[in-house]
Amino acid sequence: MSKILVTRSSMPELTEYMNEIESLWDSRWLTNMGIKHKELQKELQKYLDVASVELLTNGHMALELTLQAMNLQGEVITTPFTFASTTHAIVRNGLTPVFCDIDPVTYTIDAEKIERLITDRTCAIMPVHVYGNVCNVEEIQRIAHKYELKVIYDAAHSFGETYKGRGIGSFGDASCFSFHATKVFNSIEGGAVCFRDERLGNVLYELKNFGIHGPEEVSAVGANAKMNEFCAAMGLCNLRHVEEEIAKRRQVTERYLEHLEGVEGLQLNAPQPEVKSNYAYFPVVFEEKVFGASRAEVFDKLAENGIGARKYFYPLTNTFSCFHREYDVNETPVALHISKRVLTLPLYADLALEDVDRICEIILSCRT
Ligand code: T4K
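Since the model is a prediction, treat every value here as computed from it, not as a measurement.

Explain the sheet that holds strand E17 (residues 342–345) residue by residue, including any values.
Working definition: the strands of a sheet are paired by backbone hydrogen bonds and lie parallel or antiparallel to each other. Taking strand neighbours across the sheet as the criterion, the three strands line up as E13-E15-E17 in an open arrangement whose pairing is antiparallel. Looking at strand neighbours, the two that pair on one side only are strand E13 (266–268) and E17, the edges of this open sheet. Adjacent strand axes in the sheet meet at a mean angle of 30°, parallel and antiparallel pairs treated alike. When strand E15 (residues 282–286) meets E17, the two strands line up antiparallel, connected through four bridges. Within the sheet, the bridge partner assigned to Pro-283 lies in E17 and is Thr-344. Set on the sheet, helix H9 (residues 295–304) makes contact with E15 and E17; between it and E17 the angle comes to about 30°.

Okay, structure coming up:
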């Protein structure tokens, strides 16, 4: 039986992609903000329902360059329950991450606990819409307004979502998306920043191109984070099918729920009111004593059967060895609890419903 991994890249028909890239053979314009780049930027601005979009090489550079563009100094309040990228973007900018605990239901930053972490060095909040679960954007905005803090959302998991009818990328000062191969929408590698402030957009545009301001002027120490034409072309193709892909993901999610909802000892992702979900991930938290099997036992059993569930997000970023025990993980006890128990199950548009049945059967058979 072939292996089932946690996800599988969405791709258009080969002919669709070939048609999309054909013109590049004539123009020989392969990167540096070409036609496909401009087209994707325009299409995404419409689809995401945001004021402005800047395209980048990946989601990480979106986070890193947004922080740089804001010229911040001091501390950034964030969550440790995320991919390495979020924390690394902060640290690589010379900023200090201050870890806030997470909400036990949505796994996003616990907005009620942010205010007590604010000091006179706090400059920004970087929350994560983890698994596509939307943060408490209203409370975060209230706090940001009160203390004059910037809000940069890590929206890597929330492509295509809306909250109260508004594109998710329209919240905060900026929202950073990832278009990595493993995401709901991919451009092979890719990312974007959504924002309202045109000045921020201008700085980002220069920072992604070495900080070049004009033919004879380099005004900032930028990077090379330009999306190339082949990635933009893949984005254009995948965008045409993304709604269909999300609908299929929904079917897969519903099939999981048929089997796992109500099973004692399993905590499933709770649907959020007023959120149009993208069904990005299917996290399950295993409470060993109630369920009758630990996360490790389920993980191993699935692996024995060729099924690659993943421990997103374990370990917490505030325990990474690169930070030399600088942070106290006991300050984020809920995040620690969840990270030790969570497994994200395979979820992608093409996952056969019979495979979901089999995965659930294996999980439930682990109970003693
Ligand atoms: N913020 C958050 C919250 C994020 O989750 C991420 C990325 C970022 C920021 C940064 O965005 P990017 O700079 O990456 O655009 C994967 C992804 O590489 C990463 O993008 C993602 N988060 C993270 C959650 O997952 P790994 O190390 O787990 O990837 P890997 O290679 O083990 O792939 C996972 C599965 O995906 C494989 O088992 C099979 C499938 N796959 C993978 C690749 C590379 C495919 O089907 N096709 C592929 O091309 O990090």
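From this point, things continue past the structure.
Hey, could you go over helix H3 (residues 59–69) for me, with residue numbers and the actual values?
In terms of residue burial, H3 counts as a mostly covered element, since nine of its eleven residues are buried. The residue sitting at the N-terminus of H3 and contributing the capping side-chain oxygen is Asn-58; that oxygen lies 3.1 Å from the backbone nitrogen of His-60. Phi for Asn-71, located one or two positions after H3, is positive at around 55°.

Give a detailed account of the site of the ligand, specifying residues and quantitative values.
The environment of the ligand is formed by 25 residues, the closest being Asp-154, His-157, Ser-178, Arg-310 and Tyr-312. Within the contact set of the ligand, an oxygen atom lies 2.8 Å away from a backbone nitrogen or oxygen of Gly-59. Between the ligand and Tyr-312 there is a distance of 2.4 Å, counted from an oxygen atom to a side-chain nitrogen or oxygen. Surface burial for the ligand is 74%, taken as the share of its 910 Å² of free accessible area covered by protein chains. Of all the secondary structure elements, the ones that give two or more residues to the shell around the ligand are H3 and helix H4 (84–91). Split by residue class, the shell around the ligand holds eight nonpolar, 13 polar and four charged.

Conventions we followed
- Residues numbered from 1 in each chain as written.
- Predicted model: local features only at pLDDT ≥ 70, side-chain atom pairs only at ≥ 80, totals over all residues.
- Heavy atoms only, no water.
- Pairing = 2+ DSSP bridges.
- Helix = DSSP H or I, 4+ residues; strand = E, 2+ residues; numbered from the N terminus.
- Axes fitted to C-alpha atoms, helices over the stretch in contact; angles between N-to-C directions.
- Contact = heavy atoms within 4.5 Å.
- Buried < 20%, exposed > 50% of the residue type's maximum accessible area, 1.4 Å probe, protein only.
- Polar contact = N/O pair within 3.5 Å; in protein donor to acceptor, adjacent residues only side chain to side chain.
- Near = heavy atom within 4 Å.
- Areas by Shrake-Rupley, 256 points an atom, 1.4 Å probe, with all protein chains shown as cover.
- Nonpolar A, V, L, I, M, F, W, Y, C, P; charged D, E, K, R; others polar.

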